[in-house]
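Each chain, letter by letter, is given below.
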Amino acid sequence: MALAALKKAAKLPLHIAALLTTAKDFSRNPVIGNHVLNRMGLHVARVCLAHGIFAFKKMLLSPLATKEQRKAFARDGFVVMENALPPEIFEKLKHDAENYNGEAYQCAQGDTLTWRAVLLDHPVMRDKKTSNLMRYCAGKYERPRFYIQQIQNGFLNNPGDPQKNLHVDCFHPTMKAWLFLEDVEADNGAFTFVPGSHRLTKQRLKWEYDRSLEAANDADSYSARGSFRVEDGTCEKLGLPQPQGLAVKANTLVVANTFGFHCRGKTREKKMTRMEVFAISRINPFNPVPWGCLEGLRDKIYLTMMRKGEKDSVTGKKRASWRKAPPHPVKDAA
Ligand SMILES: [Fe+2]
C-alpha cells in the first residue's frame, strides 16, 4: 500500500510536466483528469493557450496558403483542394499505392480495419502546393507523416466502428489530411465534418469545460482518454450546422483541423473500402516555434515504434493497436 502510494507520488512530476505536451488522457493522468483542477479551469486554460499559440504560428506561416485557403480554413475548419497533384505525380502515386507490397500495419476498430504503410520517400511528399497547405494548417513548417492508407469498412465481425461517431481528436488544433486516390461518394465512409466546429466560441469552451469535469470517469474509453465523443444534439446546442459528408473526386486533398467535430461517414454497403494517402502532423501545441528539425526522423521513429509494438504483442509483453498486416491493400471489397 505504502509502496503504491510512493510510486504514485514519484510519478507526479511527470504528470505535471505532461501538461505542456500533447498529453490528453483524463483517466490515466491524475493531474489532467483532476476534477478540482478542471473545475478551476485547468483544461480550459490548456485549450485556450494551445489555440493562442496556434493562431500566432498560423500568422507566421500565412504566406504558405492562398487568401481563399486561409479564409476557408478559418471559417470551416477544413480546406478542399481539387486536382491537387500534377497528373504525373498522382498517377504514379495511385499506381504505387495500389501495387504496394511491403511492410504494412493495421488497426482494428469495431468492424473496420485501417490498413497503413508508412511512406518514407515519394514525390508526393515533395509536392510544394499540397505540402505548403498542410504545413500552414498544421502551424508547423515541417513535413507531416505520410501513409498509404486503406479504410476497410465492415471487414470484421465486431459491432460498430468508434470512428463513425462524431468526435474531436484532442484539445488543441491538429492537422490531418487525406489525398483521395479514388472518387468517394457521401455514402462510402466519406470524411465527415461539422463546418465551423473548430472555432473556439464561448459555447464550445463551455462544452469543453463541462466535458473536462466528467471525462476521467467517462464510460466511453475514447472520451476518457481525451478524444471527446460528441453526443446527439450537441451541434444544435452549440449553434452549429449538421455534419457534412465530403463527396470528392480522385486527386482531391482535404486538410482539416480535427479539433473540429468529425467522423468517418457510414457506408451504404456492409463491406466498402476507401483508398488514400493520409498525412498527420501531431506536434506540441505549446511550442510557439513554427519550424522543426525532425523532418523525416519522425517517420522513422514512428515505424520503429510500430515494429516494437508488433514485437511486444507477439511476445505478450504489451498489446499494440497497430499489428502487422497483409503486405498489400485489398483489391476489391466484394
Ligand atoms: Fe478523429
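What counts, and at which threshold
- Residues numbered from 1 in each chain as written.
- Predicted model: local features only at pLDDT ≥ 70, side-chain atom pairs only at ≥ 80, totals over all residues.
- Helix = DSSP H or I, 4+ residues; strand = E, 2+ residues; numbered from the N terminus.
- Rg over C-alpha atoms; globule rule 2.2 N^0.38 Å.
- Contact = placed C-beta atoms within 7 Å.
- Pairing = 2+ DSSP bridges.
- Axes fitted to C-alpha atoms, helices over the stretch in contact; angles between N-to-C directions.
- Core = buried A, V, L, I, M, F, W, Y, C linked by C-beta atoms within 7 Å.
- Buried ≥ 20, exposed ≤ 12 C-beta atoms within 10 Å, placed from the backbone.
- Expected span 1.5 Å × (residues − 1).
- Bend = angle between axes of the 7 residues up to and from the residue.
- Parallel < 35°, antiparallel > 145°, perpendicular 65-115°, else oblique.
- Left-handed = near helix turned anticlockwise from the far one by under 90°.

**Student:** I tried to follow the overall build of the protein chain on my own but got confused; where do I start?
**Tutor:** Scanning the protein chain from N- to C-terminus turns up 10 helices and 11 strands. Whereas a compact globule of 334 residues would reach a radius of gyration of roughly 20 Å, the protein chain reaches 20 Å, a difference of no more than 12%. If you line up the protein chain on its principal axes, its C-alpha atoms span 60 × 50 × 40 Å. Considering only intrachain contacts with a sequence separation of at least 6, the fraction spanning at least 24 residues in the protein chain is 85%.

**Student:** In this structure, what is going on with the sheet that holds strand β4 (residues 145–153)? I would like to understand it.
**Tutor:** Backbone hydrogen bonds hold the strands of a sheet together, and the pairing may be parallel or antiparallel. Overall, antiparallel pairing links the 8 strands, which are arranged β1-β8-β5-β10-β4-β3-β2-β11 in an open sheet. The strands lining the two open edges of the sheet, one partner per strand, are β1 (78–81) and β11 (322–324). This sheet shows a mean twist of 25 degrees between the axes of neighbouring strands, independent of strand direction. Relative to strand β10 (residues 272–281), strand β5 (residues 175–180) runs antiparallel, the two being bridged by 6 bridges.

**Student:** I would appreciate a short explanation of the sheet that holds strand β9 (residues 262–264) in the present structure.
**Tutor:** The sheet built from 3 strands is open, its strands ordered β7-β6-β9 with antiparallel pairing. Each of the sheet's edge strands pairs with one partner strand only, and the pair in question is β7 (244–245) and β9. Examined bridge by bridge, strand β6 (residues 191–193) and β7 share 2 bridges and lie antiparallel to one another. Residue pairing for β7: phenylalanine 193 is matched across the bridge by glutamine 244.

**Student:** Even after reading the chapter, I still don't get the nonpolar core, so can you show me in this structure?
**Tutor:** Soluble globular proteins tend to pack their nonpolar side chains together in the buried interior. Met134, Cys137, Ala177, Val254, Val255 and Val277 are the most contacted members of the largest nonpolar core, which has 53 residues in total. Sequence-distant contacts of alanine 177, that is, excluding residues within four places in its chain, are made with Met134, Pro144, Leu253, Val254, Val255 and Ala279.

**Student:** I'm lost on the pairing of β10 in this one. Help?
**Tutor:** Look at any regular strand and the pattern is simple: side chains alternate between the two faces of the sheet. Within β10, 8 of the 10 residues are buried, leaving the element largely enclosed by the surrounding structure. Where β4 meets β10, 9 bridges bridge the pair, whose relative direction is antiparallel. Residue isoleucine 151 lies in a different strand from β10, and its bridge partner there is arginine 274.

**Student:** What's the story with unusual backbone geometry in this structure? I'm lost.
**Tutor:** Leaving glycine aside, a negative phi is the common case for residues, and trans is the common case for peptide bonds. At asparagine 83, a position not held by glycine, the phi torsion is positive, near 45 degrees. Following the sequence through the fold, asparagine 83 ends up in the loop between β1 and α5 (87–98). Phi is positive for asparagine 251, close to 70 degrees, though the residue is something other than glycine. Here asparagine 251 falls in the buried class, since 22 other C-beta atoms lie within 10 Å of it.

**Student:** Honestly, helix α1 (residues 2–17) in this entry has me stumped. Any pointers?
**Tutor:** Spacing of three or four residues puts side chains on the same side of an α-helix, whose turn is 3.6 residues. With 16 residues, α1 extends 24 Å between its outermost C-alpha atoms, agreeing within 8% with the 22 Å of an ideal straight helix rising 1.5 Å per residue. At lysine 11, α1 is deflected by roughly 35 degrees, the largest bend along its length, and proline proline 13 occurs up to four residues later in sequence. Counting buried residues in α1 gives 0 out of 16 residues, a small share hidden from the surface.

**Student:** Got a minute to help me understand the packing of helix α3 (residues 42–60) against helix α7 (residues 202–214) in this structure?
**Tutor:** Each pair of packed helices can be summarised by the angle the axes make with each other and by the distance between the axes. Where α3 meets α7, the closest approach of the two axes is 8 Å, and the angle between their N-to-C directions is 140 degrees. Here α7 runs oblique to α3, going by the angle between their axes. The handedness of the crossing between α3 and α7 comes out as right-handed. Each of His43, Val44 and Val47 in α3 lies in contact with α7, whose residues at this interface are Leu205, Glu208, Tyr209 and Ser212.

**Student:** Can you walk me through the environment of arginine 116 in this structure?
**Tutor:** By secondary structure assignment, the location of arginine 116 is in strand β3 (residues 112–119). Overall, the presence of 20 C-beta atoms within 10 Å leaves arginine 116 in the buried class. As for arginine 116 and histidine 328, which are separated by 212 residues in sequence, their C-alpha atoms are 9.2 Å apart. Among residues more than four places away in sequence, those in contact with arginine 116 are Ala104, Tyr105, Gln106, Tyr147 and Gln149.

**Student:** Hey, could you run me through the environment of serine 131 in this one?
**Tutor:** Here serine 131 is to be found in helix α6 (residues 128–138). Overall, serine 131 belongs to the partly exposed group, with 19 C-beta atoms counted inside 10 Å. Sequence-wise, serine 131 and glutamate 142 are 11 residues apart; in three dimensions their C-alpha atoms are separated by 9.2 Å.

**Student:** Which parts of the structure should I look at to understand the environment of histidine 167?
**Tutor:** Take histidine 167: it is sitting in the loop between β4 and β5. For histidine 167, a count of 18 C-beta atoms within 10 Å puts it in the partly exposed group. Considered as a pair, histidine 167 and leucine 181 are 14 residues apart in the sequence and their alpha carbons are 25 Å apart. Ignoring anything within four residues of it in the chain, the contact list for histidine 167 reads Tyr222, Ser227, Phe228, Arg229, Val230 and Cys263.

**Student:** Would you explain the pairing of β4 in this entry?
**Tutor:** Burial within β4 is extensive, with 8 of its 9 residues counted as buried. Relative to β4, β3 runs antiparallel, the two sharing 7 bridges. Paired with leucine 119 across the two strands is phenylalanine 146, which belongs to β4.

Scope: geometric values only; no functional claims are made or implied.
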